[in-house]
Amino acid sequence: MLSEKRQEDILKYVDKKKSVTVQELREVFNASESTIRRDITYLDKEGKLVKVFGGALSLDSAFSTSDIAREQREEVNREEKVRIAKIAAQLIEPGDYVFIDTGTTTGFMIDFIREKEATYITNAVYHAKRLVAKGLHVILLGGELKEETDAVVGADTVLHLQKYHFSKAFFGTNGVSLQAYFTTDDIREALIKRIAADNTVPGRRYILADHEKFGLTSSVTFTEFVGTVVLTDKQPDRSFMNKMEIRVV
């Protein structure tokens, strides 16, 4: 298929579906991942869709810079996310007071969590249900429910969260940038992440980021590099290694 025709068909498909992943487009158009990514990048530069981590959004669905739905995001770099999540879960120790952020990689952690002598606080409804099902002690923050990510956000969530201090915290991120630091696409979620990070012991604020997150910037910074440890699956460019603590798993 000629690139112009494929790009035209991709645009029609994205406009119809509103949000798509690279993997989905690969299967629909029988093209390589690199080809699909080039097409998305081109269409984004042309102002015809919005490129996001792992996929694309149609223009009419992207005004609020919404995330791709959790079920779709889980399939983006799944193997790498699971590997990161497994190592992250092993860091939890008896007596820990743990914050677990929303996100797919933090969600994968739950399969590997074994420590029952810890307390788990989260603003993710989906995470809370799965933690409780494992017989763990869970505190779900109250507030407004954001459908796309199952996140609880808002003023009530902030007030609830401010009372807690964490021995360890695990965060997802939409991007890791030398200029904007760690970013997400929703100011409400960014505020929750920032407060949780500020209320966690420095050096035990873990950012779970697969290799594709490096060099990406989303709309809102939620924390800086100082006091954080990035868990990732591949060593990024040296410029990142010199700016933050990174552990390749």
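On a predicted model such as this, the values are computed, not experimentally measured, just so you know.

Peer 1: Lay out the overall build of the protein in plain terms, naming residues and giving numbers.
Peer 2: Within the protein, the regular secondary structure consists of 10 helices and 15 strands. Rg of the C-alpha trace for the protein: 18 Å, near the compact-globule value of 18 Å for 249 residues, within the 12% margin. For the protein, the residues scored as buried account for 55% of the 249 residues in total. Long-range contacts, defined here as pairs at least 24 residues apart, represent 59% of the contacts in the protein between residues at least 6 apart. For the protein, the distance from the average position of its 36 positive side-chain charges to the average position of its 38 negative side-chain charges is 3 Å.

Peer 1: Account for the environment of Ile-92, naming residues and giving values.
Peer 2: Along the chain, the position of Ile-92 falls in the loop between α5 (78-89) and β4 (97-100). For Ile-92 and Glu-115, which are 23 residues apart along the polypeptide, the C-alpha to C-alpha distance reads 6.7 Å. In this structure Ile-92 touches Val-98, Met-109, Ile-113, Glu-115, Ala-118, Tyr-120, Lys-168 and Phe-170, once residues within four positions along its chain are discounted.

Peer 1: How would you explain the pattern of salt bridges if you had to name every residue and give the values?
Peer 2: Summed over the entire model, instances satisfying the criterion amount to 15 salt bridges. Close ionic contact of Arg-6 with Asp-39 constitutes a salt bridge, the shortest N to O distance being 2.5 Å. Taken together, the residues span a long stretch of sequence, with Arg-6 in helix α1 (residues 3-17) and Asp-39 in helix α3 (residues 33-45) at a distance of 33 residues. Just as Arg-6 is buried, Asp-39 falls in that class too. In this structure, the salt-bridge partner of Arg-130 is Asp-111, at a minimum N-O distance of 2.5 Å. One end of the pair, Arg-130, is in helix α7 (residues 125-133); the other, Asp-111, is in the loop between α6 (104-109) and β5 (119-122), with 19 residues separating them in the sequence. The partly exposed category is assigned to Arg-130, whose relative accessible area is 22%. A network of salt bridges, in which partner residues are shared, links Glu-144, Lys-146, Asp-186, Arg-188 and Glu-189.

Peer 1: Account for the packing of aromatic side chains, naming residues and giving values.
Peer 2: Summed over the entire model, instances satisfying the criterion amount to 12 aromatic pairs. Both rings, one in Phe-214 and one in Phe-240, keep their centres 5.2 Å apart while their planes meet at 75°; by these two values the pair is edge-to-face. One end of the pair, Phe-214, is in the loop between β12 (205-208) and β13 (220-223); the other, Phe-240, is in helix α10 (residues 238-241), with 26 residues separating them in the sequence. Phe-240 matches Phe-214 in its accessibility class, with the two residues each being buried. Chaining the aromatic ring pairs together yields one cluster made of Tyr-97, Phe-99, Tyr-164, Phe-166, Phe-171, Tyr-181, Phe-182, Phe-222 and Phe-225. One cation-aromatic arrangement involves Lys-193 over Phe-222; the distance from NZ or CZ to the ring centre is 4.9 Å.

Peer 1: Talk me through the sheet that holds strand β1 (residues 19-21); I want residue IDs and the actual numbers.
Peer 2: Strand order in the open sheet made by the 3 strands is β1-β3-β2, with antiparallel pairing throughout. What marks the edges here is a single partner per strand, and that holds for β1 and β2 (50-52). Along the sheet, successive strands turn relative to each other by an average axial angle of 25°, direction set aside. Examined bridge by bridge, β2 and strand β3 (residues 55-57) share 3 bridges and lie antiparallel to one another. Within β3, the position partnered with Val-50 by the bridge is Leu-57. Where α1 meets the sheet, it contacts β1 and β3, and its direction lies at approximately 125° from that of β1. Its contacts with the sheet place α3 against β2 and β3, and it is angled at close to 135° to β2.

Peer 1: Could you give an account of the confidence of the model for the protein, naming the residues involved and the relevant values?
Peer 2: For the protein, mean pLDDT is 89; residues scoring 70 or higher make up 92% of the total. The model gives residues 62-66 a pLDDT under 50, and that stretch makes 9 contacts with residues more than four places away or in other chains.

Peer 1: Now, about the environment of Ile-10: what can you tell me, with residues and values included?
Peer 2: Relative to the assigned elements, Ile-10 resides in helix α1. Look at Ile-10 and you get buried, because its relative accessible area is 0%. Apart from residues no more than four positions distant in its own chain, Ile-10 is found in contact with Leu-25, Phe-29, Ile-36, Asp-39 and Leu-43.

Thresholds applied
- Residues numbered from 1 in each chain as written.
- Predicted model: local features only at pLDDT ≥ 70, side-chain atom pairs only at ≥ 80, totals over all residues.
- Heavy atoms only, no water.
- Helix = DSSP H or I, 4+ residues; strand = E, 2+ residues; numbered from the N terminus.
- Rg over C-alpha atoms; globule rule 2.2 N^0.38 Å.
- Buried < 20%, exposed > 50% of the residue type's maximum accessible area, 1.4 Å probe, protein only.
- Contact = heavy atoms within 4.5 Å.
- Lys, Arg positive; Asp, Glu negative; His and termini not counted.
- Charge placed at Lys NZ, Arg CZ, Asp CG, Glu CD.
- Salt bridge = Lys/Arg side-chain N within 4 Å of Asp/Glu carboxyl O.
- Phe/Tyr/Trp six-rings, centres within 6.5 Å; stacked < 30°, edge-to-face > 60°.
- Lys NZ or Arg CZ within 6 Å of the ring centre and 35° of its normal.
- Pairing = 2+ DSSP bridges.
- Axes fitted to C-alpha atoms, helices over the stretch in contact; angles between N-to-C directions.
- pLDDT = per-residue confidence, 0-100.

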